[in-house]
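Topology and contacts: notes
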Amino acid sequence: METVLVKIRRQDDPGDLPYWEKFEVERREGMTVVGLLLALRENPVTVDGNRTAPVVWESSCRDGLCGSCAMVINGRVRLACHTVVEELSEPVTLEPLSKFPVLRDLKVDRARMFDALGRILAWIDLDGIHAHGPALRIAPEAATRAAPVSACIMCGACSEACPQVNERSAFAGAFLFAHADALSAHPLGSFGDPARMDELLGRGGIADCAGAGVCSEVCPARVPLVESIARVEGKANSRALKRLLGL
Amino acid sequence: MKRPGIIVVGGGAAGAMCALKAVEAGVEVTLFSRFAPRRSSSSLSQSGFNAALDSKGEGDSPALHARESLVCGDFLAFESEVAAMCEAAPMLAGLFDRMGVAFARTPEGLADLVRLPGSTKRRSAFSFAGAGQQVAAALDAQLRRLSAAGKIRLLEGWEFLSLVVDDGGRCRGVVSCDRSNMDTKAFPAEAVVVASGGFAGLWGGRSAKPDEDGSALGACFEQGAILANPEFVQISPFAVAGADESHPVTALMLAAGARAEFPREGTPWRFMEERFPKGRGMVPDDVAVRALLCAASGAGQTPGAQPVVDFTDVDQGRWGACFRRSLDLFGRLSFDEGPALSFKVSPAVVRTLGGLKVNSSHETSVPGLFAAGSAAAIYHGACALPGNELTASAFGGLVAGVEAARFAQGLEAKEVTQSLLDSAREREEDENGRLAGQQGGENAHVLMRELSGLLSSSAFASRENGELSRAAEKIEELSERLAGCELLDRSEWANAELISMRAIERGFKLARAVVAAARSRDESRGVHYKPAFPKRDDAGWRALTKASWSDGEVKLDFSEKVEGKDVEPAAREY
């Protein structure tokens with residue numbers, strides 16, 4: 001039986017210290033990191049022969065769409081479901097995202113991301129869930145621009161990679177700009193632009209982005225974050241100017 | 001007295017729509033979700049949102065949409081309910097447009113439409129960012145808007161354990177468990193809507209949705225709710241297999257020009273187009289699966305020949321960015337040398353079509369309990385029309401929201417007694433205690449994998465009574481071994497093992513219903529294909545399968561006939 005050596009950074013609860021455990025898992029063709037973790041549940045025994053609690057991690061869709069299985073794999077943030085073990089060097093190391101509180105083992109609490117979206121009012125203020133008037137028209141060009149920036153899966157990879165996201169900063173990550181950008185491209189979403197830009201001009205907003213650009217590189221949903229940042233920055237600056245001129 | 005309002009279990013397209021509509025109707029709403037609502041399985045319905053918008057001037061109409069849905073469902077769905085869904089679909093598409101779903105546009109700025117397999121018209125509004133993911137995200141944003149305004153209680157990270165049912169058999173709330181601190185609590189409600197998804201995860205490796213473990217559904221089944229059509233599943237004919245999961249080639253990819261073929265010397269054999277010239281090879285999943293199995297074993301075929309799906313005809317300029325992540329993964333899972341845009345495929349279960357039996361108001365057989373989305377069996381019959389999945393979930397959620405609110409408001413305010421809540425909670429705590437005390441050295445995940453293997457061989461694309469009977473016996477055996485499963489995690493914090501073990505026990509009960517129903521239904525309909533009974537038998541079997549759980553056994557009832565007035569059963573021609 002050919003095996004894969006896996007090193008996992010574990011933590012029993014948010015207050016505990018982390019520790020490492022090593023496992024050997026049977027290697028199968030086409031196995032993803034999620035497959036590896038699933039196999040581990042069937043026999044949670046370390047290389048030293050100690051029986052241990054199965055590793056806790058999050059995974060829902062296993063198709064790269066839900067964003068819950070983002071973790072640090074061999075030092076780089078990736079989705080466990082879309083990472084094929086054959087392509088990784090050994091030992092395969094798995095660590096939780098470091099920019100979020102660890103709940104247990106590889107499972108983290110991403111509430112901070114959703115709180116940040118709440119602060120910029122990242123939604124359309126619908127009047128009601130009912131039929132309403134003629135169909136909306138959106139210029140094809142605006143729709144083409146909106147599609148890739150709407151693809152964010154809230155996995156936290158951009159936050160993980162960003163040097164500006166740290167304990168001393170209120171900045172949650174570049175995903176914020178993708179959401180603001182997508183809303184701006186929508187006729188009803190743009191109604192919220194002034195309030196949203198005001199928020200993004202404040203703490204944890206556009207000024208916190210240092211333009212490192214690593215977010216675009218690591219985004220598993222391939223959201224063109226750098227483009228969104230530039231557009232949102234332009235919008236925010238013109239909002240600041242208008243405020244200055246009392247417009 | 002403040003009225004408790006309604007509880008919605010699940011935050012996907014169905015649960016979220018239900019919650020939004022019920023808030024509007026003026027009841028208190030508490031929504032429980034295992035994870036952030038946007039991470040639900042609705043995001044997997046990537047192909048599109050079916051609505052007869054007819055923006056292409058092809059003469060599409062809600063009536064035609066309904067007819068094609070009923071034909072695709074092999075005449076097992078209820079006509080008036082499907083007609084109501086198709087009638088409402090254009091309104092829902094407009095609603096999602098206003099909510100910010102990034103639909104692709106026509107040059108005139110309207111939502112663009114694509115023709116998906118099984119439809120004769122361009123009827124599916126789609127998104128280059130994935131329709132399902134877009135709908136799930138837009139609904140998640142609306143839930144958060146209401147939550148920020150204090151209009152809804154959003155409880156994320158909670159696991160549904162069971163219903164609170166009073167002595168009169170009425171559903172009065174739920175028992176739920178916080179997945180982090182493992183706090184188990186009973187919550188009162190005037191009505192409960194289960195929108196927790198299906199149970200395709202039981203088919204294991206052949207499925208893409210492990211979170212669809214049927215845990216909440218199984219709990220309702222165990223507590224007396226009738227399950228309908230458990231033997232019907234949606235099998236995607238073309239999925240690229242990894243070691244543990246399959247990744248379906250979506251209906252949208254086929255619409256964009258991806259083609260199934262058998263590699264041959266010279267020109268490949270495009271068997272789908274040859275067999276279905278009228279639909280240009282784009283037919284419903286069940287029809288495609290049968291054609292595929294037929295072609296794979298046909299004359300002149302090398303044994304074990306595996307088809308591929310070829311993407312070279314897909315316009316890269318238009319679709320490249322949309323499919324890039326999928327194609328990238330397909331490529332990394334296909335190790336043998338072959339053309340870069342051609343991938344070996346095989347059939348895989350992608351969703352279940354059975355669920356709780358509901359009437360047109362989405363009420364289940366338990367008073368006060370409603371169901372919607374994949375948790376309810378209502379709009380798809382024996383095979384879902386590609387693109388109808390999201391439409392059915394959104395519409396079902398809407399109806400369930402209105403009806404559950406009406407049910408709650410029509411009740412005389414009657415307090416749920418504390419003793420009823422306490423005893424419901426204690427029962428679940430005892431259950432957790434029982435699992436923690438089990439001994440015997442078995443591993444629940446290993447048994448689950450064996451169960452998945454049994455379902456994938458006996459209740460798959462071709463079904464045989466002898467094999468189903470043997471599978472039923474084997475499941476009994478495995479069920480007994482479940483009692484010897486040890487809880488591998490003793491922690492009182494984020495104990496995912498305890499939650500999985502509970503889900504697995506329920507999954508076994510659902511699996512018993514699947515196999516029993518498949519064994520009994522001696523005909524072929526939708527994906528339920530029995531070579532020994534190769535024809536659809538409308539006189540004998542145009543009936544709902546109703547499964548109930550009593551005294552540890554599955555009881556089946558086929559007495560409820562499905563009838564229609566406008567669409568008569570006929571041969572399905574594509």
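Structure shown above.
In every chain, residue numbers begin from 1 and rise along the written sequence. Just so you know, chain letters begin at A and ligand numbers begin at 1, following the order they were written in. Residue-level local features of this predicted model are given only where pLDDT is at least 70; pairs of side-chain atoms are given and counted only at 80 or more, and the full residue set underlies all totals for whole chains, interfaces and linings. The side-chain values count all of the structure's non-hydrogen atoms but skip hydrogen atoms and water molecules.

Numbered from the N terminus, helices here are DSSP runs of H or I no shorter than four residues, and strands are runs of E no shorter than two. Tallying secondary structure elements over chain B gives 15 helices and 22 strands in all. In this setup the radius of gyration rests on C-alpha atoms only. A globule is expected at 2.2 Å times the number of residues raised to 0.38. Taking 2.2 N^0.38 as the reference for a compact globule, 574 residues should give roughly 25 Å; the C-alpha atoms of chain B span a radius of gyration of 23 Å, in line with that estimate. When the backbone C-alpha atoms are referred to their principal axes, chain B occupies close to 75 × 55 × 50 Å. A buried classification covers 65% of the 574 residues belonging to chain B. For chain B, contacts bridging at least 24 residues in sequence account for 73% of all contacts bridging at least 6. The distance from the centre of the 65 positive side-chain charges to the centre of the 76 negative ones in chain B is 3 Å. A 1.4 Å probe rolled over the protein chains alone gives each residue an accessible area, and that area as a share of the maximum for its type sets the label: buried under 20%, exposed over 50%, partly exposed in between. Here, residues are in contact when the closest pair of their heavy atoms is within 4.5 Å. A positive count includes Lys and Arg, and a negative count includes Asp and Glu. His and the chain ends are not counted in either. In this description, the location of a charge corresponds to atom NZ of lysine, CZ of arginine, CG of aspartate or CD of glutamate.

We count a salt bridge whenever a side-chain nitrogen from Lys or Arg sits within 4 Å of a carboxyl oxygen from Asp or Glu. Evaluation of the coordinates by the stated rule reveals 62 salt bridges over all chains. Asp125(A) is the salt-bridge partner of Arg145(B), the closest N and O atoms lying 3.1 Å from each other. In this pair, Arg145(B) is assigned in helix H4 (residues 131-148) and Asp125(A) in the loop between helix H2 (111-119) and helix H3 (140-149), connecting two distinct chains. A relative accessible area of 15% places Arg145(B) in the buried class.

Before going further, it helps to spend a moment on the interface of chain A and chain B. Taken together, the contacts link 68 residues of chain A with 68 residues of chain B. Here's the idea: put two parts together, see how much 1.4 Å probe accessible area each one loses, and the total over both is what we call buried area. When the two sides are added together, the surface that chain A and chain B hide from each other amounts to roughly 5,900 Å², 53% of it contributed by carbon and sulfur. By the criterion of area lost to chain B, the three top residues of chain A are Glu42(A), Arg62(A) and Ile129(A), representing 13% of everything that side buries. Seen at the junction of chain A and chain B, the total is nine salt bridges. Across the pair Arg28(A) and Asp244(B) runs a salt bridge whose closest N-O atoms are separated by 3.0 Å. The term polar contact refers here to a pair of N or O atoms within 3.5 Å; inside protein, the definition further demands a hydrogen-donor-capable atom paired with an acceptor-capable atom, and it admits residues adjacent in sequence only when both atoms are side-chain atoms. In this assembly, chain A and chain B are joined by 38 residue pairs in polar contact (both at pLDDT 80 or more). Taken together, the elements giving at least two residues each to the side of chain A that touches chain B come down to helix H1 (33-42), strand E6 (102-104) and H3 of chain A.

All names here are of chain B. Counting rule for disulfides: a pair of cysteine sulfur atoms within 2.5 Å. For the structure on display, the rule yields zero disulfides over all chains. The thiol sulfur of Cys-171 is not disulfide-bonded, and the nearest other cysteine sulfur, from Cys-220, lies at 7.6 Å. Cys-383 provides the cysteine sulfur closest to Cys-294, a residue in no disulfide bond, and the two sulfurs are 17 Å apart. Taking relative accessible area as the criterion, Cys-294 reaches 53% and is therefore assigned exposed.

Let us now look at the packing of aromatic side chains. All names here are of chain B. For Phe, Tyr and Trp, rings pair up if their centres lie within 6.5 Å, where Trp contributes its six-membered ring, and each pair is then called stacked (planes under 30 degrees apart), edge-to-face (over 60) or tilted (otherwise). All chains considered together, the criterion is met by 20 aromatic pairs over all chains. Between the aromatic rings of Phe-311 and Phe-330, the centroid separation amounts to 6.3 Å while the plane-to-plane angle is 55°, which identifies the pairing as tilted. In this pair, Phe-311 is assigned in the loop between strand E15 (308-310) and helix H9 (316-333) and Phe-330 in helix H9, connecting sequence segments 19 residues apart. By the burial criterion, Phe-311 is buried, and Phe-330 matches it. Relative to Phe-323, the ring of Trp-319 lies with its centre 5.4 Å away and its plane at 5°, an arrangement referred to as stacked.

Turning next to the sheet that holds strand E6 (residues 153-156) of chain B. Two strands in a sheet stick together by hydrogen bonds in their backbones, pointing the same way (parallel) or opposite ways (antiparallel). Residues and elements named next belong to chain B. By the convention used here, strands pair only if DSSP detects at least 2 bridges between them. Within the open sheet, the five strands sit side by side as E6-E2-E1-E10-E19. Their pairing is parallel. In the strand order of this sheet, the two ends are held by E6 and strand E19 (369-371), each with one partner. Ignoring strand direction, the axes of neighbouring strands in this sheet form an average angle of 20°. Judged from the three bridges that link them, strand E10 (residues 191-194) and E19 form a sheet pairing that is parallel. In the sheet register, Val-192 faces E19, and the bridge partner there is Leu-369. On the sheet, helix H10 (residues 388-410) packs against strand E1 (6-9), E10 and E19 and is oriented at approximately 165° with respect to E10. Lines fitted to C-alpha atoms define the axes here, with helix axes fitted over just the stretch in contact, and angles between the N-to-C directions of these axes take values from 0 to 180 degrees.

Residue and element names in this part refer to chain B. Taken together, three strands build an open sheet; the order of strands is E13-E12-E17 and the sheet is antiparallel. On the outer flanks of this sheet lie strand E13 (246-248) and strand E17 (346-352), each paired with one strand and no other. Between one strand axis and the next, the sheet turns by 60° as a mean value, whatever way the strands run. Here strand E12 (residues 233-241) runs beside E13; their pairing, made up of three bridges, is antiparallel. For Val-240, the partnering residue across the bridge sits in E13 and is His-247. Packing of H9 onto the sheet brings it into contact with E12 and E13, and relative to E13 it is tilted by some 140°.

Moving on to the pairing of strand E8 (residues 171-178) of chain B. All names here are of chain B. Extensive coverage of E8 is indicated by the burial of eight of its eight residues. Of the pairings in the sheet, the one linking strand E7 (residues 158-165) to E8 comprises seven bridges and is antiparallel in character. What sits directly across from Val-165, in E8, is Cys-171. Here E7 hands over to E8 after five residues, with Gly-169 in that stretch at a positive phi of 80°. As paired elements, E8 and strand E9 (residues 184-188) share five bridges and run antiparallel to each other. Paired with Val-174 across the two strands is Phe-187, which belongs to E9. From the end of E8 to the start of E9, which pair antiparallel, there are five residues, and Met-182 there has a positive phi angle of about 65°.

Residue and element names in this part refer to chain A. Like charges within 9 Å and nonpolar side chains (Val, Leu, Ile, Met, Phe, Trp, Tyr) within 5 Å are joined into patches, using only residues over 30% in relative accessible area that form no salt bridge. Computed with a 1.4 Å probe, the accessible areas rest on the Shrake-Rupley method; for each residue, only the protein chains presented here act as cover. On the surface, a cluster of nonpolar side chains totalling about 500 Å² of accessible area is made up of Leu-241, Leu-244, Leu-245 and Leu-247. Position of Leu-244 among the secondary structure elements: in helix H8 (residues 225-244). Looking at Leu-244, the relative accessible area reads 71%, which means it is exposed.

Residues and elements named next belong to chain B. Expected helix span is computed as 1.5 Å times (number of residues minus one). A rise of 1.5 Å per residue sets the reference length of helix H1 (residues 13-24), with its 12 residues, at 16 Å; its end C-alpha atoms lie 17 Å apart and thus fit the reference within 8%. When you tally the buried positions in H1, you get 11 out of 12 residues, the bulk of the element. Ala-13, Ala-14, Gly-15, Ala-16, Met-17, Cys-18, Ala-19, Leu-20, Lys-21, Ala-22 and Val-23 are the residues of H1 that are buried. Where H1 is buried, its residues meet E1, strand E2 (29-33), helix H3 (79-99), H4, E10 and H10. Gly-26 sits one or two residues past H1 and shows a positive phi near 95°.

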